[in-house]
Amino acid sequence: MRLHKVYHRFSLFHSPKQPLIISHSPHSLSLKSPDRPPLQLIKPFSSTSPAAGRATAMRLRNIAPLHAAEGDVGSNGAAPAASAAADSQDSSLGNGYRLPPPEIQNIVDAPPLPTISFSPHRDKILFLKRRSLPPLAELARPEEKLAGVRIDGKCNSRSRMSYYTGIGIYQLLNDGTLGPEKEVNGLPSGAKINFISWSNDGSHLAFSVRTDEEDGSSSKLRLWVAEIETGKARPLFQTPDIFLNAVFDNFVWVNNLTLLVCTIPLSRGDPPKKPLVPPGPKIQSNEQKDIIQARTHQDLLKDEYDELLFDYYASSQLVLVSLDGTAKAVGPPAIYTSLDPSPDEKYIMICSMHRPYSFIVPCGRFPRKVDLWTADGKFIREICDLPLAEDIPITHNSTRRGKRSIQWRADKPSTLVWVETQDGGDAKLDVSPRDIVYTEPAEPLENDEPVVLHKLDFRYGGISWCDDSLALVYESWYKTRKIRTWVISPGREDATPRILFDRSSEDVYSDPGSPMLRRTHSGTYVIAKIKKEGDEGTYVLLNGSGATPQGNVPFVDLFDINTGNKERIWESDKEKYYETVVALMSDQDEGEIPLNRLKVLTSKESKTENTQYYMLSWPEKKACQITNFPHPYPQLSSLKKEMIRYERKDGVQLTATLYLPPDYDPARDGPLPCLMWSYPGEFKSKDAAGQVRGSPNEFAGIGSTSPLLWLARRFAILSGPTIPIIGEGNEEANDSYVEQLVTSAEAAVEEVIRRGVAHPNKIAVGGHSYGAFMTANLLAHAPHLFCCGIARSGAYNRTLTPFGFQNEDRTLWEAVSTYVEMSPFISANKIKKPILLIHGEEDNNSGTLTMQSDRFFNALKGHGALCRLVILPFESHGYSARESVMHVLWETDRWLQSYCVANATEAPDAPEEKASKDTSDAEIKAVGAAGGVAEQPEPDQEPDRIHIICKSSL
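Scoring rules and cut-offs
Residues numbered from 1 in each chain as written. Predicted model: local features only at pLDDT ≥ 70, side-chain atom pairs only at ≥ 80, totals over all residues. Heavy atoms only, no water. Helix = DSSP H or I, 4+ residues; strand = E, 2+ residues; numbered from the N terminus. Buried < 20%, exposed > 50% of the residue type's maximum accessible area, 1.4 Å probe, protein only. Areas by Shrake-Rupley, 256 points an atom, 1.4 Å probe, with all protein chains shown as cover. Axes fitted to C-alpha atoms, helices over the stretch in contact; angles between N-to-C directions. Parallel < 35°, antiparallel > 145°, perpendicular 65-115°, else oblique. Contact = heavy atoms within 4.5 Å. Nonpolar A, V, L, I, M, F, W, Y, C, P; charged D, E, K, R; others polar. Pairing = 2+ DSSP bridges. Polar contact = N/O pair within 3.5 Å; in protein donor to acceptor, adjacent residues only side chain to side chain. Phe/Tyr/Trp six-rings, centres within 6.5 Å; stacked < 30°, edge-to-face > 60°. Lys NZ or Arg CZ within 6 Å of the ring centre and 35° of its normal. Core = buried A, V, L, I, M, F, W, Y, C linked by side-chain atoms within 4.5 Å. Salt bridge = Lys/Arg side-chain N within 4 Å of Asp/Glu carboxyl O.

Q: Just to check I follow, could you spell out the overall build of the protein for this structure?
A: A tally of helices and strands in the protein yields 13 helices and 52 strands. Looking at the protein as a whole, 58% of its 954 residues qualify as buried. With an accessible surface of roughly 38900 Å², the protein has 51% of that area assigned to carbon and sulfur atoms.

Below you can see the structure in the form of structure tokens.
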């Protein structure tokens, strides 16, 4: 596989709306308008500190905290319990965006470290400078939601893209240290940089640049190049009217002097205008009685106008442009989705999509055409043209019919490889073989048939190439969790494939590791063969996580492919540090790599020490430190972290990571308020569910909405307690979801109470997405365990996701009782503990429509529950704008202070509350099957809401 570009995106973006506040109490209903402007943002610092990373490019941690901005908090960031309780009765409480206490704000506002990227020759490193959290105004920019894609029409790119603010170039010296920074210069003021790509010889960078316009929007993207030796950057196209189309693929190096670029067609006019009067009704038909099931996708095409908009924004004109600016348009305008040059740079595989489109599936299933062109843009032949794929079954491992996973063989100049299903794409059918892998040259001779490379009984999972004597083929089957690795010899027809590894994907203790890859001169990646002095064996390096009952101990094994013998040549420190091998750095020469000249990039961290990067060289195994990052949040540098183990009542072994605040003394401080934050997982065996994952020595990284932020507020944090939902053999895990969920939570709560670190009446539970679903279910079915809950971006009514969800691939009609009993919406009458619901108004994650939180809140309010719903304007499934993030933290902190820290011993249920729990199963199932509240007509609602507040007594 060729790794072209370095970039990352926020999955979110948009400008502060003025919120409408709706307050509900037993005595009044009032509507209030906001009476204060949005908060002034802190200007983020720019970081120029050196860094190195885990891969060609990655996000690194923050350097140091900013001073806190003034906000609506006291000097110590914590409101007294009495004040917090009084606030809960204040009808104007939700007015405007708020800031969390300074001790939380300081951590979130710490400036980010740069992302890094190594040159093809591993002699230089880029530091890609980033900004802090974006303002909400960036998320507020208009976007088109088309075919599962969100498009910024002003930029003609995906909306909500993050960007880099600058590029620094560092020489990697022989002793492993870095030379002085050379800044890429000549960029326009305020340049927003994306899609950074090295030329194959490492002499140039190509990237996109956009700037802010007067109306606050971004300009269209232009293609720039920079010389590595001088750092000088310039626009590549000589005319100023050629812009990138970055809705799908955008550009690729064809060779060291030429790029193929997706541009906005020069002949394109204004966007189509929506007609005031539609041409006719919206009609979908299934008169052929096709069985078409689709999960709950969002942002789909709705009508013919949407189809026109999709064509308008997604269509590109391909242009070949050289480094001297000479440009030539090639091929007709079309919706080009990927551009893939062959390793020998003679051909380009071009993938595009075309009509007919669909109103029920996203664009990934639209008709797809793959063509082969010469490097100078001439059409050679059609590889395939796949029809619309609306009817892929929802069962795991089901797939599209026809050629798929078409790619170049990484170890050959121009050989194509692909796979075709033999079961019609339906995983429910029992056939053998299930997938066949084929190969053929780019230009086969007349009447030549594709060669069968390998046949598989599971679903194809990819190939790691090496040479004609060695390749590894992967297959897996979700239903049984089986994974296999085959050894094949692609250049020998008489060689018999053999199974190298055959194991359960859930059994992390048996994971042998993955082969390390080296970069070829053509820019592809192949398995690195290692030469051991005086030994003729065929050796590769297996890089593994090293899961053990005591935690992960990463390793590198020297592995003989032919005999299966292995020698451990490197292993992480087990006592204090967590170390990993990040990448192979001695891959500049072709052929086998002598073991005594091996060089790798490693990372090293501990519970309290930030991740640092090292160059490790053989034979001495001398490690040269590249980075020296300070602690990103020194105020928490002495936090306490422990990986704990305990047992569920059915014997399943469970694990969690327990964090305690700095300088916590159990004898002096006693039990603390505790926040448990988790996410359930499915397993096929109790043994696999009980295995330890992760390391006790990993550095405690804290994200912008992490539960670990509440260490600064003197909470104990139980992070990631395992919540295994097990379905052994033919059992379906979700048929006992609630029971297993509750027993897992009971075990976790009992453990922190037994240890004396958590107050029994002050344990809160929270989660995001499926973790929010978990939270609501626990408050409904295990109210004795928790004092309150925080549920973010969840789905609560499974009847609204009738064709499968998460890992459930049965439909609602195949498992009615499971769908209904798993839905906390159906058990809303049982929830008596305070629950905070938070959701992005523009959530585009499959299944977690914002409507899920709206309707769940209404169901809770209809039963008098103490609840609060916070809808974040412009935010998606996660939250990215600084205003939104800070407000989420304020809401969460207020909730925890009011209903966890200040919580007294619970009184017994009142008689009327107990009676409300006795709703019959028949009534519940009837409501669930009908969709419950979802079937009721809804009053008109203002779209500009941010908070809906419901208060009643417990």
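Q: Got a minute to help me understand the packing of helix 7 (residues 737-754) against helix 8 (residues 770-781) in this structure?
A: Axes are the key here: two packed helices are described by the angle between their axes and the distance separating the axes. The N-to-C vectors of helix 7 and helix 8 enclose an angle of 85°; their axes lie 10 Å apart at closest approach. Taken together, the axes of helix 7 and helix 8 are roughly perpendicular relative to one another. Between helix 7 and helix 8, the residues in contact are Y737, V738, L741, V742 and A745 and Y770, F773, M774, N777, L778 and H781, respectively. A per-class count over the contact of helix 7 with helix 8 returns nine nonpolar, two polar and no charged.

Q: Can you walk me through the sheet that holds strand 6 (residues 144-146) in this structure?
A: Where strands meet in a sheet, backbone hydrogen bonds hold them as pairs that are either parallel or antiparallel. Read from one edge to the other, the open sheet built from three strands follows the order 6-7-8, with strand pairing classed as antiparallel. Sheet topology places strand 6 and strand 8 (157-158) at the edges, where each strand pairs with a single neighbour. Sheet topology places strand 6 next to strand 7 (residues 149-152); three bridges connect them, and they run antiparallel. Within strand 7, the position partnered with K145 by the bridge is R150. Its contacts with the sheet put helix 4 (residues 304-314) on strand 6 and strand 7, and the angle it makes with strand 6 is roughly 105°.

Q: Help me understand the pairing of strand 13 (residues 222-227) in this model?
A: Regular strands place their side chains on alternate faces of the sheet. In this structure, strand 12 (residues 204-210) lies alongside strand 13, joined through six bridges in antiparallel fashion. Among the inter-strand pairings, L205 is bridged to a residue of strand 13, identified as A226. Judged from the three bridges that link them, strand 13 and strand 14 (residues 233-235) form a sheet pairing that is antiparallel. Residue pairing for strand 14: A226 is matched across the bridge by A233.

Q: Looking at this structure, how should I read the side chain of R210?
A: Here R210 lies in strand 12. Among the polar contacts listed, one links the side chain of R210 to the side chain of S218, at a separation of 3.4 Å.

Q: Can you walk me through the packing of aromatic side chains in this structure?
A: Aromatic rings in a pair are described by how distant their centres are and how their planes are angled relative to each other. Considering all chains together, one arrives at 19 aromatic pairs under this definition. On the basis of an interplanar angle of 75° and a centroid distance of 4.3 Å, the ring pair of F127 and Y170 is categorised as edge-to-face. Linking F127 in strand 5 (residues 124-130) with Y170 in strand 9 (residues 164-171), this pair joins segments that are 43 residues apart in sequence. By relative accessible area, which is 1% here, F127 ends up buried. Taking the centre distance of 5.4 Å and the plane angle of 90° together, the rings of F310 and Y357 count as edge-to-face. Here the residue F310 occupies a position in helix 4, and Y357 occupies one in the loop between strand 19 (347-353) and strand 20 (368-374), the gap between them amounting to 47 residues. Both residues of the pair, F310 and Y357, belong to the buried class. Across from the ring centre of W418, 4.2 Å away, lies the NZ or CZ of K403, which sits over that ring. Lying across the ring of Y577, K604 places its NZ or CZ 4.3 Å from the centre.

Q: Even after reading the chapter, I still don't get the nonpolar core, so can you show me in this structure?
A: The nonpolar side chains of a soluble globular protein tend to be buried with one another. In terms of nonpolar packing, the biggest core is built from 66 residues, with L778, F786, I835 and F856 touching the most fellow members. In terms of residues, this core owes the most to one element, helix 7, which gives nine residues. In this structure, C788, Y879, V888 and C900 belong to the second largest nonpolar core, which totals 39 residues.

Q: What exactly am I supposed to notice about unusual backbone geometry here?
A: It is generally the case that most residues other than glycine have a negative phi and that most peptide bonds are trans. Following R355, the chain continues to P356 via a peptide bond in cis, the omega torsion being 5°. With respect to the helices, strands and loops of the structure, P356 is situated in the loop between strand 19 and strand 20. For K289, which is not glycine, the phi dihedral falls at a positive 60°. In this fold, K289 is placed in the loop between strand 16 (258-263) and helix 4. With a phi close to 60°, D299 is a non-glycine residue in the positive phi region. Counting through the fold element by element, D299 comes out in the loop between strand 16 and helix 4.

Q: Which parts of the structure should I look at to understand the pairing of strand 22 (residues 403-408)?
A: Sheet topology places strand 22 next to strand 23 (residues 415-421); four bridges connect them, and they run antiparallel. Paired with K403 across the two strands is E420, which belongs to strand 23.

Q: Could you clarify how one ought to interpret the sheet that holds strand 40 (residues 612-617) in this entry?
A: Pairing within the open sheet is antiparallel, and its four strands lie in the order 37-39-40-41. Looking at the sheet topology across the chains shown, the edges are occupied by strand 37 (578-584) and strand 41 (622-625). Across the sheet, the mean angle separating the axes of adjacent strands is 30° when strand polarity is ignored. Looking at chain direction, strand 37 and strand 39 (residues 599-605) are connected through six bridges and run antiparallel.

Q: Just to check I follow, could you spell out the environment of L323 for this structure?
A: Relative to the elements of secondary structure, L323 occurs in the loop between strand 17 (316-322) and strand 18 (327-341). Separated by 66 residues in the primary sequence, L323 and L257 place their C-alpha atoms 5.6 Å from one another. Beyond its immediate sequence surroundings of up to four residues, L323 is in contact with H204, V225, R234, L236, W253, N256, L257 and L259.

Q: Help me understand the pattern of salt bridges, please; the structure alone is not making it clear to me.
A: Applying the stated criterion across every chain yields a total of 54 salt bridges. Note that R409 is salt-bridged to D468, the shortest N-O span being 2.8 Å. In this pair, R409 is assigned in the loop between strand 22 and strand 23 and D468 in the loop between strand 26 (459-467) and strand 27 (470-477), connecting sequence segments 59 residues apart. One salt bridge connects K576 with E609, and the closest N-O pair in it is separated by 3.5 Å. A residue pair is termed long-range when its members are at least 10 positions apart, and K576 in the loop between strand 36 (566-571) and strand 37 and E609 in the loop between strand 39 and strand 40 qualify at 33 residues. Through salt bridges with shared partners, a single network forms among R404, D423, R434, D435 and R459.

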